[in-house]
Amino acid sequence: MDCVVLAYIIYLVISIALTIWVATTLFKNGKRFLIDIFHGDHSMADSVNRLLLVGFYLLNIGYAVLTLRVWGEIENYREMIETLSYKLGAIIIVLGIMHFLNLLIFYSLRKKAKKHPLPPKFTPPS
């Protein structure tokens, strides 16, 4: 198998696996923040959490696919490993930035929710 094709396959498998792992971690642990932000509304928190998950997948897998192309030839395994380490390092940095941005957004939304609590739900008189 050609070294470039093998590098593409390895790159895509690792990039997509990393994206799924980070997205799953954010999805599981971010739900608590969203429930707090939406004042205990589990349905709204679940909906927003799923939308964030889809957006995370689209952005990161899209970036991985866009950066798939290797400029130049890969003649041997050493060059393949060097190319993969550079490209996977870029994916890891992007995932880290996305993770940080998600945390920053959750923090700012939570801070706003704490400043402006919702009024109590109206219950009609019996």
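Residues numbered from 1 in each chain as written. Predicted model: local features only at pLDDT ≥ 70, side-chain atom pairs only at ≥ 80, totals over all residues. Heavy atoms only, no water.

Q: Can you explain the overall build of the chain? Please cite residues and give values.
A: A count of helical and extended segments in the chain gives 3 helices and 0 strands. Counting from the amino terminus, helix and strand elements in the chain follow one another as α-α-α. Relative to the 2.2 N^0.38 estimate, which gives 14 Å for 126 residues, the radius of gyration of the chain is 21 Å and therefore markedly larger than a compact globule would have. Its C-alpha atoms put the chain at 80 × 25 × 20 Å along the principal axes. Burial analysis of the chain (126 residues in total) assigns 25% to the buried set. Considering only intrachain contacts with a sequence separation of at least 6, the fraction spanning at least 24 residues in the chain is 76%. (Helix = DSSP H or I, 4+ residues; strand = E, 2+ residues; numbered from the N terminus. Rg over C-alpha atoms; globule rule 2.2 N^0.38 Å. Buried < 20%, exposed > 50% of the residue type's maximum accessible area, 1.4 Å probe, protein only. Contact = heavy atoms within 4.5 Å.)

Q: Tell me about the side chain of asparagine 49, residues and numbers included.
A: The topology assignment puts asparagine 49 in helix H2 (residues 42-66). With relative accessibility at 3%, the residue asparagine 49 sits in the buried group. Not counting chain neighbours up to four residues away, the residues in contact with asparagine 49 comprise Leu26, Phe27, Lys31 and Leu34.

Q: Explain the packing of H2 against helix H3 (residues 77-115) to me, and be specific about the residues and the numbers.
A: At a minimum axis distance of 10 Å, the contact between H2 and H3 shows a crossing angle of 155°. As far as their axial angle goes, H3 and H2 are roughly antiparallel. Handedness of the H2/H3 crossing: right-handed. Every residue of H3 that contacts H2 at Leu52, Phe56, Leu59, Asn60, Tyr63 and Ala64 is listed here: Ala90, Ile91, Val94, Leu95, Met98, His99, Asn102 and Phe106. (Axes fitted to C-alpha atoms, helices over the stretch in contact; angles between N-to-C directions. Parallel < 35°, antiparallel > 145°, perpendicular 65-115°, else oblique. Left-handed = near helix turned anticlockwise from the far one by under 90°.)

Q: Explain the packing of helix H1 (residues 3-37) against H2 residue by residue, including any values.
A: Close contact between H1 and H2 brings their axes to 9 Å; oriented N to C, the two are set at 160°. Classified by the interaxial angle, the pair formed by H1 and H2 is roughly antiparallel. At the point where H1 passes H2, the crossing takes the right-handed sense.

Q: Describe the confidence of the model for the chain, listing the residues and the values that go with them.
A: Looking at the chain as a whole, its pLDDT mean stands at 85, while 94% of the residues score no less than 70. The weakest mean pLDDT in the chain belongs to H3 at 86; the strongest belongs to H2 at 90. (pLDDT = per-residue confidence, 0-100.)

Q: Any details on unusual backbone geometry? Residues and values, ideally.
A: Not every positive phi belongs to a glycine, and histidine 39 is a case in point at roughly 50°. With respect to the helices and strands, histidine 39 occurs in the loop between H1 and H2. Since its relative accessible area comes to 37%, histidine 39 is described here as partly exposed.

Q: How would you sum up the environment of valine 94? Please name residues and give values.
A: In this fold, valine 94 is placed in helix H3. You can call valine 94 partly exposed: its relative accessible area is 22%. Taking the C-alpha atoms as reference points, valine 94 and leucine 26, 68 residues apart in sequence, are found 15 Å from one another. Those residues in contact with valine 94, other than ones at most four positions away along the chain, are Asn60 and Tyr63.

Q: Describe H2, with residues and values.
A: Here H2 contains 25 residues, and its C-alpha end-to-end distance of 36 Å stays within 8% of the 36 Å for a straight helix at 1.5 Å per residue. Taken residue by residue, H2 has Ala45, Asn49, Leu53, Phe56, Asn60 and Ala64 as its buried positions. Of the residues that open H2, the one with a side-chain oxygen 3.3 Å from the backbone nitrogen of serine 43 is aspartate 41. (Expected span 1.5 Å × (residues − 1). Polar contact = N/O pair within 3.5 Å; in protein donor to acceptor, adjacent residues only side chain to side chain.)

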